[in-house]
Amino acid sequence: RDGAGWGLPAARRELVESAADVTALLARGAAARATSSTRLNEHSSRSHAVLSVELRLADPKSEGASGQLRPKLTFVDLAGSERTKRAGTEGKVQQEGIQINLSLFHLNHVIHALGSRAAHVPYNGSSLTKVLADRLGGATQTLMLACASPAEPNALETLSTLYTVSRARTIVSKPRVARQPGSERLSAEEAARQADEERAREEERHAREREQLVTHNRELAAALDASERLRSDAVRRALCARTAAAACSAVVTRAAAEQRTAAEAVLAERADKAQARAWAAEADAAASAIEVRRLEAALSEALQRAEAAEGRAAAAEERAAASAER
């Protein structure tokens, strides 16, 4: 808690005496860290984690026993930014994501202000930036590691992370040894020697940072080009897929039309054959009827001839009988 009344009520200070104690304390903090399941991450962190280790070491440059070195090691695990629509969060989890994004937004503003040597650095924007005030802009050495995804759907988050890291690399700090009051004062020669060494280290660090910044800008440009190529390739593949789908649809439509035409031709052929058979049957029936009438006429004629023959035979018999009587 600072003099203005600001503080972190849930933060705790504990005495440790070995690396094992620090590891156990870190494990306890990790177990107490809040996590929730989102659409993008089954174990999404819903808070930032800060572990600050303050050491007390004997000052080798102090001739008395009262001199001490008080270095601090601060480890910060930042929760990742997330877009509510993609994460699919709601209610309490959604509000946690909004607060995380807000704190990262203020951290980005602080990094930008430090990198541009602004007259005012907005440390009071959030609790996170107030905790990290002396770690970012103080007499410290800061190492920042960023996690980025090469997947195209995460391009916006990746670019935002790379921009933030690029700005962080422009921050220039002046580390100094943290001595407990009571340490012996350095001699003038020693102070001058340390000042020269500090200037040489600072110039070397500036040159290295400029070189790293140029390299980073090249890598960032290459990443942007690769992202653009991936996007163009995705667009081309989508166009190819749509073209292939249209071609498949045309082939299917043509095949269906051909099948329908073939079916209609088969049906027409079958109908023609049935009609021909019907006509043939009608012709056969007509021929049979004509044959029956012809046979009936021939039979009638034969009967008439037989009757005529019988009549002539009867007349002949009568003539014969009459002749016999005479």
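What counts and how
- Residues numbered from 1 in each chain as written.
- Predicted model: local features only at pLDDT ≥ 70, side-chain atom pairs only at ≥ 80, totals over all residues.
- Heavy atoms only, no water.
- Helix = DSSP H or I, 4+ residues; strand = E, 2+ residues; numbered from the N terminus.
- Areas by Shrake-Rupley, 256 points an atom, 1.4 Å probe, with all protein chains shown as cover.
- Axes fitted to C-alpha atoms, helices over the stretch in contact; angles between N-to-C directions.
- Left-handed = near helix turned anticlockwise from the far one by under 90°.
- Contact = heavy atoms within 4.5 Å.
- Nonpolar A, V, L, I, M, F, W, Y, C, P; charged D, E, K, R; others polar.
- pLDDT = per-residue confidence, 0-100.
- Buried < 20%, exposed > 50% of the residue type's maximum accessible area, 1.4 Å probe, protein only.
- Core = buried A, V, L, I, M, F, W, Y, C linked by side-chain atoms within 4.5 Å.
- Salt bridge = Lys/Arg side-chain N within 4 Å of Asp/Glu carboxyl O.
- Patch = residues over 30% accessible without salt bridge, like charges linked within 9 Å, V, L, I, M, F, W, Y side chains within 5 Å.
- Expected span 1.5 Å × (residues − 1).
- Polar contact = N/O pair within 3.5 Å; in protein donor to acceptor, adjacent residues only side chain to side chain.

(A) Spatial organisation of the overall build of the chain. Check the secondary structure of the chain and you find seven helices and six strands. In sequence order, the secondary structure elements of the chain are arranged as α-β-β-β-β-β-β-α-α-α-α-α-α. Put simply, the chain shows about 23,900 Å² of open surface, and 57% of that area lies on carbon and sulfur atoms.

(B) Here's a closer look at unusual backbone geometry. One non-glycine residue with positive phi stands out, namely Arg117, at about 55 degrees. Within the element layout of this structure, Arg117 appears in the loop between α3 (92-115) and α4 (127-131).

(C) Spotlight on the packing of α3 against helix α6 (residues 155-168). Viewed as axis vectors pointing N to C, α3 and α6 meet at an angle of 35 degrees, and their least axial separation amounts to 8 Å. Of the two elements, α3 crosses α6, and the hand of that crossing is left-handed. When α3 is examined against α6, the residues Asn108, Ile111, His112 and Gly115 are found in contact with a partner set consisting of Thr164, Arg167 and Ala168. Within the contact of α3 with α6, the residues separate by chemical class into two nonpolar, four polar and one charged.

(D) Broad picture of the confidence of the model for the chain. Per-residue pLDDT for the chain averages 79, and the proportion of residues at 70 or more is 87%. Mean pLDDT in the chain bottoms out at helix α2 (residues 84-87), which sits at 70, and peaks at helix α1 (residues 19-32), which reaches 86. The low-confidence segment residues 182-186 (pLDDT under 50) makes 12 contacts with residues lying over four places distant or belonging to another chain.

(E) Expanded view of the side chain of Ser126. Position of Ser126 among the secondary structure elements: in the loop between α3 and α4. Its relative accessible area of 12% is what places Ser126 among the buried residues. Not counting the four nearest positions on each side in its chain, Ser126 is found in contact with Ser103 and His106.

(F) Layout of the nonpolar core. Formed by 14 residues in total, the largest nonpolar core has its most connected members in Leu107, Val110, Leu114, Val121, Tyr123, Leu132 and Leu136. Every element with two or more residues in this core is listed here: α3, α4 and α5 (133-136). No other element matches the five residues that α3 contributes to this core.

(G) Quick peek at the pattern of salt bridges. For the coordinates displayed, the defined rule picks out eight salt bridges. Across the pair Lys273 and Glu269 runs a salt bridge whose closest N-O atoms are separated by 3.5 Å. Residue Lys273 and its partner Glu269 are located together in helix α7 (residues 188-325), separated by four residues, close to a single helical turn. According to the relative accessible area criterion, Glu269 is partly exposed, its value standing at 43%. Through salt bridges with shared partners, a single ionic network connects Asp233, Arg236 and Arg237.

(H) Local environment of the environment of Thr84. Summarising the element assignment, Thr84 is placed in helix α2. Thr84 sits 10 residues away from Gln94 along the chain, and the two C-alpha atoms are 6.7 Å apart.

(I) Local environment of a nonpolar patch on the surface. Together, Val50, Val76 and Leu78 line one region of the surface with nonpolar side chains, adding up to about 200 Å² of accessible area. One can find Val50 in strand β3 (residues 49-54). Residue class for Val50 comes out partly exposed when judged on its relative accessible area of 42%.

(J) Looking closely at the side chain of Ser166. Positionally, Ser166 belongs in helix α6. Beyond its immediate chain neighbours, meaning those up to four positions away, Ser166 contacts Leu213, His216 and Asn217.

(K) Inspection of α6 at higher detail. Taking 1.5 Å per residue as the helical rise, α6 with its 14 residues ought to reach 20 Å, and the 20 Å between its terminal C-alpha atoms agrees with that figure. Listed in full, the buried residues belonging to α6 are Glu157, Thr158, Thr164, Val165, Ser166 and Ala168.

(L) Just the environment of Ser52, in detail. By the element assignment, Ser52 lies in strand β3. Spatially, the C-alpha atom of Ser52 lies 4.1 Å from that of Thr74, the residues being 22 residues apart in sequence. Those residues within four positions of Ser52 in sequence are excluded, and the remaining contacts are Leu73, Thr74 and Arg135. A polar side-chain atom of Ser52 sits 3.4 Å from a polar atom in the side chain of Thr74.

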